[in-house]
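Observations on the three-dimensional arrangement
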Amino acid sequence: MTHVESELTSQPECWTRVAAEAGGHGGALPAPGERVAIVGCGTSYFMGQSVAALREGAGQGETDAFAASEFPRGRSYDRVVALTRSGTTTEVLDLLGQLKGRIPTTAITADPRTPVMEAADDVVVLDYADERSVVQTRFATTALTLLRAHLGLRTDTAVADARTALTEPLPDGLVACTQFTFLGRGWTVGLANEAGLKMREASLSWTEAYPAMEYRHGPISVSTHSTATWMLGEAPEGLAEQVRGTGALWVDGGLDPLAELVRAQRLAVAVAAARGLDPDQPRHLTRSVVLTDS
């Protein structure tokens, strides 16, 4: 079993633990009414997109998500939350350094022995969700589960559905598809983006991700008998029938959307295996992007 397989199968236990601990981290996490920005890179950025939509949807305050390198430094926030598994990513550390003394910051990380511990004002360490694989799975979803629980949103259904996602077979014919599109709405747009990234990283697949209503505005033109379109969350009326009409495989996300992401992680590993790839060693990637002066 690869590291990524072992790690993705442990997600229900990680989510259960972090939800139980969420109350103890309340002082480090955004308070209701605060204007908040969530920042990260890659997977962490996409988790930030989901958190921002969930927080605004819960009526807890205006919330934006940015890639750390694209944070609008002239904009005012009550708190900036950085998601960083490694605690060493250059763009995140640079941003936290620039915000020091100006805007309160919180980092959610997996490694307490890294520079982010000093760079952020507050730190939440999820060391039990750390990973050996370059490809992120459980840390990102555990951080998102922490923030869902902090918002007062129930996570028990997600945990139960994740167990289902780990045991039910993938749809027939899905692994053999040549192109994969993931769709989301609201907070699940970030999950769709992350599902596409997992497929690219682990299996070198041609994948795309869009807000579901945007799919009709051009992207559906690539749909054909060898492609798959996967909906994370409730689909817009009529879209499933329209995609099936192209000959493409439609995957209806009936589980909690975060559990659907677990299914997509499994797909990435399965496609990698079918193509003779090692998902723990993605091409051109490292665990953390640490930039040095040339």
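What comes next concerns the included structure. Note that the structure is a prediction, hence the values are computed from the model and not measured. The numbers attached to residues start from 1 for each chain and follow its sequence in the written order. At least 70 in pLDDT is required for a residue's local features to be given in this predicted model, at least 80 for side-chain atom pairs to be given and counted, and no such filter applies to totals for whole chains, interfaces and linings, which use all residues. Values shown for side chains rest on all heavy atoms present in the structure; no hydrogens or waters enter the calculation.

**What to know about the sheet that holds strand β5 (residues 122–125)**
Each strand in a sheet pairs with another by means of backbone hydrogen bonds, the pair being arranged parallel or else antiparallel. Filter applied, for reference: Two strands qualify as a pair provided DSSP detects at least 2 bridges between them. For helices the rule is a DSSP run of H or I covering at least 4 residues; for strands it is a run of E covering at least 2, with both sets numbered from the N terminus onward. As a rule, the C-alpha atoms of each element are fitted with a line to give its axis, helices using only the stretch in contact, and angles between N-to-C directions run from 0 to 180 degrees. The contact definition used throughout considers only heavy atoms, calling two residues in contact when any of these lie within 4.5 Å.
Spatially, the five strands line up as an open sheet ordered β2-β1-β3-β4-β5, and their pairing is parallel. Each edge of the sheet is formed by a strand with only one pairing partner; in this case those strands are β2 (63–67) and β5. Shown here is a sheet whose adjacent strand axes are inclined to one another by a mean of 20°, direction ignored. The sheet contact formed by strand β4 (residues 105–109) and β5 spans four bridges and is parallel. If you follow Ile108 over to β5, its bridge partner there is Val124. Here helix α3 (residues 43–57) sits on the sheet and contacts β1 (36–40), β2 and β3 (79–84); the angle it forms with β2, its principal contact strand, is near 170°. Strands β3, β4 and β5 of the sheet are contacted by helix α6 (residues 138–150), whose axis makes an angle of about 135° with β4.

**A short note on the pairing of strand β7 (residues 206–211)**
Alignment of strand β6 (residues 179–184) against β7, held across six bridges, turns out to be parallel. What sits directly across from Gln179, in β7, is Trp206.

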